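# Remarks on the overall topology
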Amino acid sequence: MEVDAPALNAALGACARAARGEEAHELLVQAQRSGMRLDVGCFTTTARALLAEGDAPTAAAISLEARKMGGRGFGDVRVAIAACKAAGLNHKVAQLAAQALARDKRIRTATAQSSYAAGAEVTLAQPSGGREQVLSAEQRLYLWYAWRGERLERLDSALAKIATETLARPAAGRNGGDAPRADPMRASLSRAASVGRRPSFESDAERAGYTLAHLPTRVAKVMDTLALENPPWLRPAVIHALGRRNRAGPIGSSPKSAKLPMNGAPSIGLHPAVAAGESASYDAVSLGCGPGFDLAAFALLQPLLALPSKAVRPHGAAENGPGKGTGVRMLALDYEARWEPEFRAVESAVRVTLGRRHRADFDRCDITQPIEAPINAAIARALSGGTLLYTASYVVAENAAALRESNFVFFEELFERAPVGSICLILETTHRQFPAVARAAWRGGGKEVAVACLRVRSNRGYSLCLYKRNVSTASQDQEASLRLCTANGGVNLLGGRGDEFGPESMELARLFRRFEKDDRLQRSESISALAPAD
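What you see is a predicted model; the values in this text were computed from it and never measured.

### Remarks on the overall build of the chain
Within the chain, the regular secondary structure consists of 20 helices and eight strands. Burial analysis of the chain (534 residues in total) assigns 54% to the buried set. Considering only residue pairs separated by 6 or more positions, the chain has 79% of its internal contacts joining residues 24 or more positions apart. Surface accessibility of the chain: about 22600 Å² in total, with carbon and sulfur atoms responsible for 50%.

Below, the structure written as structure tokens:
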């Protein structure tokens, strides 16, 4: 009796449910030898059976064969990713995820609209070997995690190897877990965030332990947050900032103008370095960078944010390895100069795994001082050079007391001087200082500054995002945002949530009142804890 492909597929499915992979493989081989016309489902189902039985290498080979036959559905891709991951073919995991994301119609539409809003001319490459498809939010999230998970594993392994050669022996963590993954600075950093006073970073061993403990989670948090689709201005701003050095003018400026305006009031005193004509152009500035995890996040984000775009990744460039773009140039700033060895180790890991075109400069800054202070010369030069993307990672809470004393003047001057199109992401262990930072930004940048309180699935805590819009094109920005949000179904393509507010938003006022209440309560508890016992 002749057996057709549907009947064979049913038999293979029974084998998969029973974890009888070897039997399923034999059925597939026999069908091939008989000359039966097999569909993609036969190969994918056989791969599932082999994977259930524990034969990952054969499952990976079969699933990749299905890909050659045109298996581009999400189910086919998911089985292939699972098989390749189990077989240790991590480079294939990233390649499969990247290809599937590139074919997603919503991401391709969002990339085109985001790039258009950012003033970039982008030609979308045709999906290689398959048609466009529409993925659900959960499917996109699965592919995103698969892609960045492989990249982070490579980075983590490279850092561990480099650290053994260049850093102090990591201190064992006092918070449980096995050294060096346990964080030896957890207690001191938690205490610093609670009382708002800067901790000590004198110990070489503790800094090394912190660096090795946190690279995957810190990089993932920055990536996940900056990859959100809502608020709708976020992706255009990030795409524009990470490619600004190859284009003319900020978002909303005339295409004919290549000059990035300071956009500040004449009363601002220029830093002596800027007055002397010094400036520096970067793709991004990381404030309070510590070991420089943000460089890894930006290097990973740069090709993925415009994944189907020829403008970012030349057509035909390898998707599982470094492309031939310009790379990310970042300025890493920290008050504590002792972080430089750890920063250089992270930079080396980035260059080894993601491409030597990525590089960074390390310098000092103090966010509790005005920008014209001598210690802030480097960021003054970056502002003068038109840098648009700024991150402050876990540095605000530990400096809260000094920031309050200065009335958050650093952030006020940052947005007073920053060009239109500038974006600042603040990641913290607590949201308690976000209202004060936002009000400082509004004092400096006025009503042009939009605020979003962001949350991602990988970390449910709030982050604060500030964006300096062009007030003269606000109505156009709103129309573009509406089109983008509608195209994406009103949800983030990669999960999470972004609540967008203006300075006069009632929703923002209610949220900030909650944050300020939490801050008053925490400060009261800290004072009580520090008071001498009777």
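### Quick notes on the pattern of salt bridges
Inspection of every chain in the model, using the stated rule, returns 15 salt bridges. Of the charged contacts in the structure, one is a salt bridge between R329 and D361, with a shortest N-O distance of 3.2 Å. Note that R329 is positioned in strand β2 (residues 329-333) and D361 in strand β3 (residues 359-363), a separation of 32 residues in sequence. Across the pair E336 and R338 runs a salt bridge, and its minimum N-O distance is 3.0 Å. For E336, a relative accessible area of 14% puts it in the buried group. Classification of R338 as partly exposed rests on a relative accessible area of 37%.

### Describing the pairing of strand β4 (residues 389-393)
Side-chain positions along a regular strand alternate between the two faces of the sheet. Taking burial as the measure, the five residues of β4 include five buried ones, the bulk of the element. Residues L389, T391 and S393 point to one face of β4 and Y390 and A392 to the other, with burial holding for every one of them. Sheet topology places strand β1 (residues 284-287) next to β4; four bridges connect them, and they run parallel. Paired with S286 across the strands is T391, a residue of β4. Across five bridges, the pairing between β4 and strand β5 (residues 423-427) is parallel. Looking at the pairing, L389 lines up with I423 of β5.

### Remarks on the packing of aromatic side chains
Going through the model one piece at a time under the given rule, you end up with eleven aromatic pairs. Plain terms: the ring middles of F74 and Y142 are 5.8 Å apart, the flat faces sit at 80° to each other, and that makes the pair edge-to-face. Placement of F74 in helix α5 (residues 74-86) and of Y142 in helix α8 (residues 137-166) is noted, with a sequence separation of 68 residues between them. Taking relative accessible area as the criterion, Y142 reaches 21% and is therefore assigned partly exposed. On the numbers, 6.3 Å between centres and 75° between planes, the contact of F434 with F515 is edge-to-face. With a gap of 81 residues between them, F434 in helix α18 (residues 434-445) and F515 in helix α20 (residues 506-530) connect regions that are remote in the sequence. Side by side, F434 and F515 carry an identical accessibility label, which is buried.

### Some words on the side chain of H214
Within the secondary structure, H214 is located in helix α10 (residues 204-226). Taking relative accessible area as the criterion, H214 reaches 14% and is therefore assigned buried.

### A closer look at unusual backbone geometry
Positive phi, close to 55°, is recorded for Y394, a residue that is not glycine. The topology assignment puts Y394 in the loop between β4 and α16 (400-405). Phi at N407 takes a positive value of approximately 60°, unusual for a residue other than glycine. Along the chain, N407 falls in the loop between α16 and α17 (409-417).

### A closer look at helix α1 (residues 5-17)
Helix length check: α1 (13 residues) gives 18 Å between terminal C-alpha atoms against 18 Å at 1.5 Å per residue, within 8%. Buried within α1 are the following residues: A5, L8, L12, G13, C15 and A16. Angularly, the buried residues of α1 cover 160° about the axis, an arc narrow enough to put them on a single face. Exposed side of α1, more than 90 degrees from the buried face: P6 and R17 are the residues found there. Lining the buried residues of α1 we find α2 (21-33) and α3 (40-53). Positioned one or two residues after α1, A19 has a phi angle of 55°, which is positive.

### Some details on the packing of helix α4 (residues 56-68) against α5
Close contact between α4 and α5 brings their axes to 8 Å; oriented N to C, the two are set at 145°. In the crossing of α4 with α5, the sense of the turn from one axis to the other is left-handed. Contacts between α4 and α5 pair A56, A59, A60, S63, L64 and R67 from the former with V77, A80, A83, C84 and A86 from the latter. A per-class count over the contact of α4 with α5 returns nine nonpolar, one polar and one charged.

### Overview of the nonpolar core
Of all hydrophobic cores here, the largest spans 99 residues; its most connected members are L143, L155, V219, L234, F298, M330 and I423. Counting residues per element, this core draws most heavily on α8, at ten residues. Among all residues touching I423, those that are not within four sequence positions of it are W233, L234, A237, V238, L388, L389, Y390, C465, L466 and Y467.

### Quick word on the environment of S194
Mapped onto the elements of the fold, S194 is located in helix α9 (residues 186-195). Taking the C-alpha atoms as reference, S194 lies 9.2 Å from A400; in sequence the two are 206 residues apart.

Criteria and thresholds
- Residues numbered from 1 in each chain as written.
- Predicted model: local features only at pLDDT ≥ 70, side-chain atom pairs only at ≥ 80, totals over all residues.
- Heavy atoms only, no water.
- Helix = DSSP H or I, 4+ residues; strand = E, 2+ residues; numbered from the N terminus.
- Buried < 20%, exposed > 50% of the residue type's maximum accessible area, 1.4 Å probe, protein only.
- Contact = heavy atoms within 4.5 Å.
- Areas by Shrake-Rupley, 256 points an atom, 1.4 Å probe, with all protein chains shown as cover.
- Salt bridge = Lys/Arg side-chain N within 4 Å of Asp/Glu carboxyl O.
- Pairing = 2+ DSSP bridges.
- Phe/Tyr/Trp six-rings, centres within 6.5 Å; stacked < 30°, edge-to-face > 60°.
- Expected span 1.5 Å × (residues − 1).
- Arc of directions from axis to C-beta.
- Axes fitted to C-alpha atoms, helices over the stretch in contact; angles between N-to-C directions.
- Left-handed = near helix turned anticlockwise from the far one by under 90°.
- Nonpolar A, V, L, I, M, F, W, Y, C, P; charged D, E, K, R; others polar.
- Core = buried A, V, L, I, M, F, W, Y, C linked by side-chain atoms within 4.5 Å.

Geometry only, nothing functional implied.
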